[in-house]
Amino acid sequence: MKFTNYLKDIHNVSIYPVFSLILFTAVFVGVVLYTFGSDKKKMQGHANIPMK
Amino acid sequence: MTQAEKFYYDNKSVKLFGIATLFWGVVGMLVGVLIAFQLAYPSLNFGIPYTSFGRLRPIHTNAVIFAFVGNAVFGGAYYILQRVLKTRMYSDLLSKIHFWGWQLIIVFGALTLALGYTTGKEYAELEWPLDILITIIWLVFGVNMFGTILKRRERHLYVAIWFFIGTWVTVAMLHIVNSFELPFTWLKSYSLYAGVQDALVQWWYGHNAVAFFLTTPFLGLMYYFVPKAAERPIYSYRWSIIHFWALIFIYIWAGPHHLLYTALPGWAQALGTVFSIMLILPSWGGMLNGLFTLRGAWDKVREDPILKMFVVALTAYGMATFEGPMLSLKNVNAISHYTDWTIAHVHVGALGFNGFLIFGMLYWLIPRMWGTTLYSKKLANTHFLIGTLGILLYAIPLYWAGFSQSLMWKKFTESGQLQYQFLETVTHVVPMYVLRALGGTLYLCGTILAVYNLRKTMLAGTFIANEAAEGIALRDQPMPKGKHHWHSVIERKPIRLLIFSLVAVSIGGMVEMMPTFLIDNNVPTIAAVKPYTPLELQGRDIYVREGCYTCHSQMIRPFRDEEARYGEYSKAGEFIYDHPFQWGSKRTGPDLQRIGGKYPDSWHYRHMNDPEEISDGSIMPPYPWLLEDDLDTTNTPKKIRAMQKLGVPYPKDYDKIANRELREQAERIAENLRKDKIKADSRKEIIAVIAYLQRLGIDIKQDKTAQK
């Protein structure tokens, strides 16, 4: 069976955006946790790169 | 003990891109001002093809987007990359190829568009040889950028670089996917996609061209130049990380908000709306991050024209990114779409955000590269003042025009008739068009002041082509100790950052487009809809060539007023042979999807020759050359074969008899015209245009008549 035929058989196409929204939320939460959990000095160091 | 290495920054590439930015800025804005006046005074079309609105408008949009903004992005990126990576650009030769290749694209683009070689897809009008050249030059830029990143002396990639990487990978993807086309001559091609699919791909591209050519690289510029000008680091580096990921992930989804109430599947429209609303958060996060960087420096803003420009740029960014999601709400979109509201919205972003950020950047950069100070702060302040007034004078009348158009289009009398003829809604907004043109002129004057001021600055200083710097090689720098979070790893691994960015932007595009491409019932076919005859196909190509889509839509939305004015609402299945789709995005003139059979052939003949003769007060340009120029039928077989390859069901060997059928149909139209006392020649281009216009919407009408 061709790949396209698998997709043709998908009835509930709304699963695509739902899946993506979940994925986005997961990545977003991950990035937020990382940024706000990371060392303040390190972040300040990164922010200062253009000022060197 | 580790020793700092001496090296030199390449300022020459930055200088070339900077000068090109100013030059193309003036050219692009000059064309913009001309077409703005053409909308009020149609005689300014001069009755010749090369200066008609339909051909100049794509030149204006391409010039300001790809020439003015493009050169600014490259110049800014080349300056920033070297400074935050502590190294010279990877290759001077690639920098040169990049610069001259890009200018070549711009010049050829302007020439081909003036000659009528266009794909007919907004902001992607350049034909296939130039599409290939764009891909090559973009690749050169990418190699040069990644080469520079790889030989850097700074371990961490500053957030501005992330935005440049995100821009590069996404623009590459958008350009390649949207440019799939089948060439049939050296300068002409048909889009590989048709109708709804073409619309979806095009607006996925069109929206994200705004997102990833006009926004993300500018955020990269903002994250460098605002801290530099304010002499303090960015307010929150944490925000910038969240800003980057949230923005690139969400932006790519929002394309379908350009196609609300169209024949696009409902689920795709809803998806576009939801993600457009979500966009407010990262956009405003970024804007506030920029503005908060000025904390404690607001006293400087009073004095410094550069900071003033940055503040207005960020404010315009905030306004445009709030308004954009609002316009994607279906009830607001029902009012705003196809009106001048959209044009006002776009120009707040373009003139305010892009324009002012560019000028602020150039006012900051050029004195430093020439080792001097700005020639005249007073002139820069004057530029800021008249530029700001220009934006206001441009945008306010157009908002007014947009509301007026929409309200007038939708107004019914008590007896249930449409209150206004379309032409009345046009003549009503002409005074607003004059004001808009004056606003544009004011903005252009500001730009000319900037050119003068910056030229004098250059003359007062000495250009530093190779700027000395020093830094410690990465191999001599100790790795940070401790356990590394996955994100801090990708922050210093450009290829991984590129891959993650590509994944983030690919998801939205794939989810939106794959079902439409692969699931049959998304685009139901209509048995009555037949391929265009050879003459109609030729007429359609002339319609595309003249840029008719810049003023006319071919998409009737399911509203009472639109059905009353134009006829039955559009169905997805009606466009399956449209390579490219011609739905348009603005109604300076009325919708044409069901124009077929509405007027006699002679009406179209006279109207194209002189619109004002038929419709008093019309602002449509005249097209007298269509009555004089012979239709080129030598390429008809090629066109038919190309369409067959794209899946249009013409009979086998139809290309061999296509011109015979074309001549027969042309003769019938010429005969009709003669009956109305018009001495028409069946070989002229106007005959093909009439054939095409008279075909529009006919399939469905005939089907209904047959069913009765």
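Residues numbered from 1 in each chain as written. Chains lettered and ligands numbered in written order. Predicted model: local features only at pLDDT ≥ 70, side-chain atom pairs only at ≥ 80, totals over all residues. Heavy atoms only, no water.

**A word on helix α16 (residues 422-460) of chain B**
Step number 1: Over its 39 residues, α16 of chain B runs 56 Å from end to end, which matches the ideal 57 Å to within 8%, given 1.5 Å per residue.
Step number 2: For α16 of chain B, the principal kink sits at V430 of chain B and spans about 40°; a proline, P431 of chain B, occurs within the next four residues. (Helix = DSSP H or I, 4+ residues; strand = E, 2+ residues; numbered from the N terminus. Expected span 1.5 Å × (residues − 1). Bend = angle between axes of the 7 residues up to and from the residue.)

**A look at the nonpolar core**
Residues and elements named next belong to chain B.
Step number 1: Among the nonpolar cores identified, the biggest contains 183 residues, and W102, F225 and F359 are the most heavily contacted of them.
Step number 2: For this core, the element with the highest residue contribution is helix α2 (residues 53-85), accounting for 19 residues.
Step number 3: F225 has contacts with G76, Y79, I80, F310, M361, W364 and L365, leaving out every residue within four places of it along the chain.
Step number 4: Ranked by size, the runner-up nonpolar core spans 44 residues in total, among them L535, Y605, M608 and I640. (Core = buried A, V, L, I, M, F, W, Y, C linked by side-chain atoms within 4.5 Å. Buried < 20%, exposed > 50% of the residue type's maximum accessible area, 1.4 Å probe, protein only. Contact = heavy atoms within 4.5 Å.)

**Remarks on a negative patch on the surface**
Step number 1: Residues D610, E612, E613 and D616 of chain B make up a contiguous surface patch of negative charge.
Step number 2: Using a relative accessible area of 66% as the deciding quantity, one classes D616 of chain B as exposed. (Patch = residues over 30% accessible without salt bridge, like charges linked within 9 Å, V, L, I, M, F, W, Y side chains within 5 Å. Areas by Shrake-Rupley, 256 points an atom, 1.4 Å probe, with all protein chains shown as cover. Salt bridge = Lys/Arg side-chain N within 4 Å of Asp/Glu carboxyl O. Lys, Arg positive; Asp, Glu negative; His and termini not counted. Charge placed at Lys NZ, Arg CZ, Asp CG, Glu CD.)

**So, the packing of aromatic side chains**
Residues and elements named next belong to chain B.
Step number 1: Within the structure shown, the criterion is met by 51 aromatic pairs over all chains.
Step number 2: Among the aromatic residues, those joined into a cluster by ring pairs are F17, F66, F74, Y78, F99, W100, W102, W138, F141 and F213.
Step number 3: Between R83 and the ring centre of Y79, over which it is positioned, the NZ or CZ distance is 3.7 Å.
Step number 4: Over the aromatic face of Y338 sits the side chain of R587, whose NZ or CZ is 4.0 Å from the ring centroid. (Phe/Tyr/Trp six-rings, centres within 6.5 Å; stacked < 30°, edge-to-face > 60°. Lys NZ or Arg CZ within 6 Å of the ring centre and 35° of its normal.)

**A word on the confidence of the model for chain B**
Step number 1: Averaged over all residues, the pLDDT of chain B equals 92, while 96% of them reach at least 70.
Step number 2: For this predicted complex, the interface confidence score (ipTM) comes to 0.80, while the overall pTM stands at 0.93. (pLDDT = per-residue confidence, 0-100.)

**As for the pattern of salt bridges**
All names here are of chain B.
Step number 1: For the structure shown, the criterion picks out 29 salt bridges over all chains.
Step number 2: In this structure, K188 engages E127 in a salt bridge whose closest nitrogen and oxygen atoms are separated by 3.1 Å. Separated by 61 residues along the polypeptide, K188 in the loop between β2 (181-183) and β3 (189-191) and E127 in the loop between α3 (92-114) and α4 (128-150) bring together distant segments of the chain. Judged on exposure class, the residue K188 and its partner E127 are both buried.
Step number 3: R695 is paired through a salt bridge with E536; the nearest N and O atoms lie 2.5 Å apart. With a gap of 159 residues between them, R695 in helix α26 (residues 685-695) and E536 in helix α19 (residues 534-545) connect regions that are remote in the sequence. For the pair shown, R695 and E536 are each scored as buried.
Step number 4: Overlapping salt bridges bring together R55, R545, E546 and E685 as one network.

**Brief notes about the packing of α2 of chain B against helix α14 (residues 340-369) of chain B**
Residues and elements named next belong to chain B.
Step number 1: Running from amino to carboxyl end, α2 crosses α14 at an angle of 40°, the nearest separation of the two axes being 11 Å. Between α2 and α14, the angle is such that the two are oblique. Regarding α2 and α14, the two cross each other, and that crossing is left-handed. For the pair formed by α2 and α14, the contact residues are H60, F68, V69, A72, G76 and Y79 on the first element and H347, N354, G355, I358, F359, M361, W364, L365 and M369 on the second. (Axes fitted to C-alpha atoms, helices over the stretch in contact; angles between N-to-C directions. Parallel < 35°, antiparallel > 145°, perpendicular 65-115°, else oblique. Left-handed = near helix turned anticlockwise from the far one by under 90°.)

**Notes on a nonpolar patch on the surface**
Residue and element names in this part refer to chain B.
Step number 1: Together, F46, I48, Y50, L115 and Y117 give the surface a local cluster of nonpolar side chains, amounting to about 480 Å² of exposed area.
Step number 2: For L115, the location among the structural elements is in the loop between α3 and α4.
Step number 3: Take L115: its relative accessible area is 46%, and that puts it in the partly exposed class.

**So, unusual backbone geometry**
Residues and elements named next belong to chain B.
Step number 1: Geometrically, the link from H579 to P580 is a cis peptide bond, its omega value of 0° lying close to zero.
Step number 2: Of note, P580 is situated in the loop between α20 (560-566) and α21 (601-609).
Step number 3: Positive phi values are uncommon outside glycine, yet F46 reaches one of about 60°.
Step number 4: Turning to its location among the elements, F46 is positioned in the loop between α1 (12-38) and α2.
Step number 5: The phi dihedral of Y123 is positive, around 65°, even though this residue is not glycine.
Step number 6: Tracing the backbone through its elements, the reader meets Y123 in the loop between α3 and α4.

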